[in-house]
Amino acid sequence: MARVELDRVNKIYRGRGIEVHAVRDLSLAIEDGEFVAILGPSGCGKTSTLRMIVGLEDITGGEIRFDGRRVNELGPEARNVAMAFETYALYPTFTVFENLAFPLEVRGLERARIEREVREIARLLEIEDILGQKPGQLSGGQQQRVSLGRALVREPAVFILDEVMSHLDAHLKFRMLFELKRLHQRLGRTMVYVTHDQVEALALADRVAVMSNAELQQFADRDALYNRPANRFVADFIGEPPTNFFDARVVGEGGEVRLVVNGTGLAFRPDGQRRAVLARSGAREVTVGIRPQNLGIEPPDGACERIEAEVDIFEYLGETAILALRSGERAFRAVASPRHRYEPGTPLSLFYRPRDVMLFDPATGDFLA
Ligand SMILES: Nc1ncnc2c1ncn2[C@@H]1O[C@H](COP(=O)(O)OP(=O)(O)OP(=O)(O)O)[C@@H](O)[C@H]1O
Ligand SMILES: [Mg+2]
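Structure report, in brief. (Residues numbered from 1 in each chain as written. Chains lettered and ligands numbered in written order. Predicted model: local features only at pLDDT ≥ 70, side-chain atom pairs only at ≥ 80, totals over all residues.)

This paragraph deals with the sheet that holds strand S2 (residues 18–30). Here we have four strands laid out as an open sheet, ordered S2-S1-S4-S5, and antiparallel in their pairing. Only two strands of the sheet have a single partner each, and these edge strands are S2 and strand S5 (69–70). The sheet contact formed by strand S4 (residues 61–66) and S5 spans two bridges and is antiparallel. Looking at S5, one finds that Arg-65 is bridged to Arg-70. (Pairing = 2+ DSSP bridges. Helix = DSSP H or I, 4+ residues; strand = E, 2+ residues; numbered from the N terminus.)

As structure tokens, then:
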């Protein structure tokens with residue numbers, strides 16, 4: 001069992017006169033048994049972070065602790081971490097069965113037990129039918145599942161999984177996410193799962209560490225990431241389609257405050273809590289964020305306000321539809337039911353709850369309320 005702490009960890013790659021600061025002052029405390037996802041766009045430093053946790057990469061600055069004990073100088077074997085990476089690293093001359101059995105043989109388990117555990121993990125990952133094949137004969141998705149299986153058959157203190165589902169089709173991915181979640185519940189081990197896919201991160205993890213540009217943006221659960229994003233980056237990155245942002249002027253006072261978007265007919269009315277924050281700060285300009293899911297064609301229950309817009313494009317997405325809208329020069333989006341079809345140019349009222357209006361500092365992008 002292990003609690004994993006990163007304390008102002010830095011990674012700088014140096015070579016041929018170039019310096020890449022891949023991870024900057026990253027602090028994270030991952031509780032014993034917690035399932036944490038590290039989420040962020042390509043190149044933000046996710047794999048570098050994992051490789052430092054595992055012990056495959058030198059730590060340029062800061063400290064990593066397992067259960068309070070510094071591990072910076074320990075090699076991978078001494079840290080008791082199992083990992084699976086996007087690139088498979090399977091033994092090419094071993095069959096799938098032998099690849100899965102190997103970590104158990106190293107631990108000196110008896111044959112019958114090895115057999116049982118390999119079959120169990122193979123069933124979980126739906127690879128029972130390929131146990132006799134060699135990695136070279138497998139598809140990318142199959143290799144990925146074998147590689148994941150090889151990490152899972154071990155019983156380490158910490159599991160580290162890096163983009164392990166990137167080659168799976170949507171159905172299989174859905175089932176694997178479910179199995180992985182169940183496995184975590186059963187084993188109760190600390191898991192760190194890296195992905196650039198927010199659906200995976202939010203489905204699996206107790207808490208998600210959102211990174212951008214080598215830095216941690218927010219480390220929080222689903223609800224906080226959606227409703228209290230630390231900044232504009234997180235509000236934009238989490239949620240699909242992304243949050244609509246508008247640069248607005250603060251007009252009026254007290255209960256009459258409106259956030260007027262220049263060059264459009266749009267004005268948003270925030271709720272009392274947000275009006276109070278604006279009044280305290282004295283800001284005259286603010287960035288308004290509103291999620292497409294929170295702009296509806298039907299008025300929601302309870303207090304609501306409305307804006308007027310025009311339909312640009314109506315796009316079916318199976319269970320829902322995306323409405324691309326326009327007011328003046330500003331384009332934005334709403335999520336609608338696919339039952340009604342809207343022709344381009346149709347005028348439309350969109351309803352929202354004042355408490356779903358998010359406010360950001362226009363200069364720094366920080367979340368205000
Ligand atoms: N061995 C290396 N030498 C030099 N630069 C590196 C090395 N490994 C990674 N980098 C750089 O460090 C930064 C972070 O890379 P990293 O692989 O950690 O990103 P990532 O978040 O895992 O991205 P992806 O989602 O594409 O896997 C990138 O700018 C990358 O080019
Ligand atoms: Mg990576």
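Read on for the rest.
Core analysis: the largest hydrophobic core is formed by 96 residues, its most contacted members being Ile-160, Val-192 and Ala-209. When residues are assigned to domains, this core turns out to be shared by domain 1 (4–237) and domain 2 (244–360), each giving three or more. The residues contacting Ile-160, other than those within four sequence positions of it, are Leu-50, Ile-53, Val-54, Val-81, Met-83 and Val-192. (Core = buried A, V, L, I, M, F, W, Y, C linked by C-beta atoms within 7 Å. Buried ≥ 20, exposed ≤ 12 C-beta atoms within 10 Å, placed from the backbone. Domains from an automatic or database assignment. Contact = placed C-beta atoms within 7 Å.)

Attention now goes to helix H5 (residues 140–153). Its 14 residues give H5 an end-to-end C-alpha distance of 20 Å, which sits within 8% of 20 Å, the value for a rise of 1.5 Å per residue. For H5, the buried fraction is high: 11 of the 14 residues fall into the buried class. Listed as buried for H5 are Gln-142, Gln-143, Gln-144, Arg-145, Val-146, Ser-147, Leu-148, Gly-149, Arg-150, Leu-152 and Val-153. Looking at the buried side of H5, the elements it contacts are strand S6 (81–84), helix H3 (96–106), helix H4 (111–124), strand S7 (158–162) and helix H6 (170–187). (Expected span 1.5 Å × (residues − 1).)

Okay, the site of ligand 1 next. In the vicinity of ligand 1, the residues found are Tyr-13, Val-20, Ala-22, Gly-40, Ser-42, Gly-43, Cys-44, Gly-45, Lys-46, Thr-47, Ser-48 and His-196. Considering every element that reaches the shell around ligand 1, the biggest residue donor is helix H1 (residues 46–54), with three residues. Of the residues that constitute the shell around ligand 1, the class distribution is four nonpolar, seven polar and one charged. (Near = placed C-beta within 6 Å. Nonpolar A, V, L, I, M, F, W, Y, C, P; charged D, E, K, R; others polar.)

Here we come to the pairing of S7. Burial runs high along S7: five of the five residues are buried. Burial along S7 is two-sided: the face carrying Val-158, Ile-160 and Asp-162 and the face carrying Phe-159 and Leu-161 are both buried. Sheet topology places S6 next to S7; four bridges connect them, and they run parallel. Bridging from a neighbouring strand, Ala-82 pairs with Phe-159 of S7. Relative to strand S8 (residues 190–195), S7 runs parallel, the two sharing five bridges. Bridge assignment links Asp-162 to a residue of S8, and that residue is Val-194. In this view, the connection linking S7 to its parallel neighbour S8 by way of H6 has right-handed handedness. (Right-handed = clockwise from strand over helix to strand, strands pointing away.)

Now for the pairing of strand S10 (residues 215–220). Across five bridges, strand S9 (residues 207–212) lies against S10 in antiparallel orientation. Bridge pairing in S10 links Val-208 to Ala-220. The antiparallel pairing of S9 with S10 creates a hairpin that spans two residues between the two strands, and Asn-213 there sits at a positive phi of about 50°.

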